[in-house]
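Working through the structure, step by step
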Amino acid sequence: MPLEANNISFRYRTDHWILRHLNLAILPGEIVGLTGPSGCGKTTLARLLAGYARPEAGRVLLDGQALPTSGYCPVQLVSQHPEQAVNPRWLLRDTLHEGYVPDEALLLELGIKNEWLKRWPNELSAGELQRFCVARALGPGTRFLLADEMTTMLDAVTQAQIWQVVLKAAGERRIGILVTSHDEQLIKRISHKSINLAPCL
Amino acid sequence: MKHQEAITPLLEVSDLSISFTQYTGGLRQKTIRAIVNLSVNVKPGEVLAIVGASGSGKSLLAHAIIGILPGNASVAGKMVYAGEPLTPARQAALRGREIALVPQSVNFLNPLMRVGAQVRSSALNGNDAAVQREIFTRYHLAAGTEQLFPFQLSGGMARRVLVATAAAGGAQLIIADEPTPGLHPAIVRETLAHLRELSTAGRAVMLITHDIIAALETADRIAVFYAGATVETAPVTDFRSEGELLRHPYSKALWQALPQNGFRPVPGCQPSLDDLSCGCLFAPRCPMASPHCLTAEPALRSLRGGEAKCHHAA
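Residues numbered from 1 in each chain as written. Chains lettered and ligands numbered in written order. Predicted model: local features only at pLDDT ≥ 70, side-chain atom pairs only at ≥ 80, totals over all residues.

Before going further, it helps to examine the confidence of the model for chain B. For chain B, the mean per-residue pLDDT works out to 86, and 96% of the residues sit at or above 70. For this predicted complex, the interface score ipTM comes out at 0.83, while the overall pTM is 0.82. (pLDDT = per-residue confidence, 0-100.)

Pasting the structure below:
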């Protein structure tokens, strides 16, 4: 059953629509690329799909139902700015274990070192923090992953490493993925189809 | 500008080491080494790109140069700017004037200040409002943008505001720390073209980036960092086809991991400098590693118009 955006519209200010009558469906196990110029609403769309914001009109549906409002959300968002997506006053162990406790093998594959768990977010680089954000988003309850510029801040070797882990999990557990990126080569490499979002005027 | 070995570097960093002191409980402290014996230089009229592993100390280098490391950091080694040593007092006098930083995180914007006012505060010459408007126009930031607060900007717009802030002053050395991730290709090209333009006008630009393709289009030389050390410096022309002209195995791995070049990861992760007391830092992941590599640290040596820190490089 798909994750759908059903004729959704959204605006931050009354005089400017960010998204207007947008329809989108992601099937389980499907990898969809999303491209478009900056400011066209890619991140907004990801936030709407994950339930962090509500559309002004239209609905976001998972299996034909609204997203659950409590418990672990089956739609997980990995944001473009990891430093803004973790609680600065929590040790990384607490951030990592908030939703579930990932096994050692996953941490190893993602290159997360044990000693990092005892650190504060400001003691790691953005690329190191992003590995935690990826790990916590791959919980057993995850059915859709929204990767908003997930590996933009990483070097090419680490990017390939993280995508290898995510694509393996997606293949095994039929997780659907929306990949937002400006890197056309990356989209071409990993996604089954891609959508270009035009800015609303 | 290519081939300018004779020109004196504007900034020369040699044998730089950075470590942090941390409390591990009570009054017990431990030291974490982050950068060890790092050397790099940048000349006027040149764009030097620094690429490499995330967490290899690229941003720390930038912060060390302008002297904004946190209080628990200790710095050793030599930094020379325009022929004179960079002391903390000189760094405080130069930063924001002679040396400008385009920071990596959009968190560096003041969340309570309108972005127009932030850019105006760094315009040191002439009418600051006019300078700010001209720069906003150049970066395609709409007229109303100056009235917005940082949380109202998209990721890409926030990046452009950061670049605009550095370009508004008259700095001679511009250190751009990841100025382009998450930007649309057209804006990336334009931002990099602007950095290139600044270097053509005789300024020195240090471009820290993950985007090797962008670095290739902009830079004269590329320095590759791994685990807090420079492993290779190469002219941009060496990055092509299968990467056979590259000197260090990590540079080759980086090149071959690009989505368009094979998307091949290297197993394992970057070592923390405290795990290894001797030997080559890349040896645990290196396909060419021999027993010698695990016991003797290679020196950075000149090779075919570049430099490499590898026993096997030829």
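With that settled, the discussion passes to the nonpolar core. L146 of chain A together with L207 of chain B are the most contacted members of the largest nonpolar core, which totals 150 residues. The leading source of residues in this core is helix α5 (residues 155–168) of chain B, at 9 residues. Beyond its immediate chain neighbours, meaning those up to four positions away, L146 of chain A contacts A46, L49, A50, V75, Q76, L77, V78 and L178 of chain A. (Core = buried A, V, L, I, M, F, W, Y, C linked by C-beta atoms within 7 Å. Buried ≥ 20, exposed ≤ 12 C-beta atoms within 10 Å, placed from the backbone. Helix = DSSP H or I, 4+ residues; strand = E, 2+ residues; numbered from the N terminus. Contact = placed C-beta atoms within 7 Å.)

Chain A puts 31 residues into the contact, and the matching count from chain B is 34 residues. If you list the elements that add at least two residues to the side of chain A that touches chain B, you get α4 (126–137), α5 (156–173) and α6 (184–190) of chain A. Per-element tally for the side of chain A that touches chain B: the top contributor is α5 of chain A, with 7 residues. Taken together, the residues of the side of chain A that touches chain B sort by class into 8 nonpolar, 16 polar and 7 charged. (Nonpolar A, V, L, I, M, F, W, Y, C, P; charged D, E, K, R; others polar.)

Here we take up the packing of helix α4 (residues 128–138) of chain B against α5 of chain B. Residue and element names in this part refer to chain B. In the contact formed by α4 and α5, the axes pass within 10 Å of each other and the chain directions differ by 135°. Regarding the angle of α4 to α5, the classification is oblique. Crossing angle aside, the handedness with which α4 passes α5 is right-handed. Residues V131, Q132, I135 and F136 of α4 form the contact with α5, whose participating residues are A164, A167 and A168. (Axes fitted to C-alpha atoms, helices over the stretch in contact; angles between N-to-C directions. Parallel < 35°, antiparallel > 145°, perpendicular 65-115°, else oblique. Left-handed = near helix turned anticlockwise from the far one by under 90°.)

Turning our attention to the packing of helix α3 (residues 115–122) of chain B against α5 of chain B. All names here are of chain B. Orientation of α3 relative to α5, taken along the N-to-C sense of each, is 25°, at an axis distance of 7 Å. With respect to α5, the element α3 is oriented roughly parallel. For the element pair α3 and α5, the recorded crossing hand is right-handed. Across the interface between the two elements, V115, Q118, V119 and S122 of α3 pack against V161, A164, T165 and A168 of α5.

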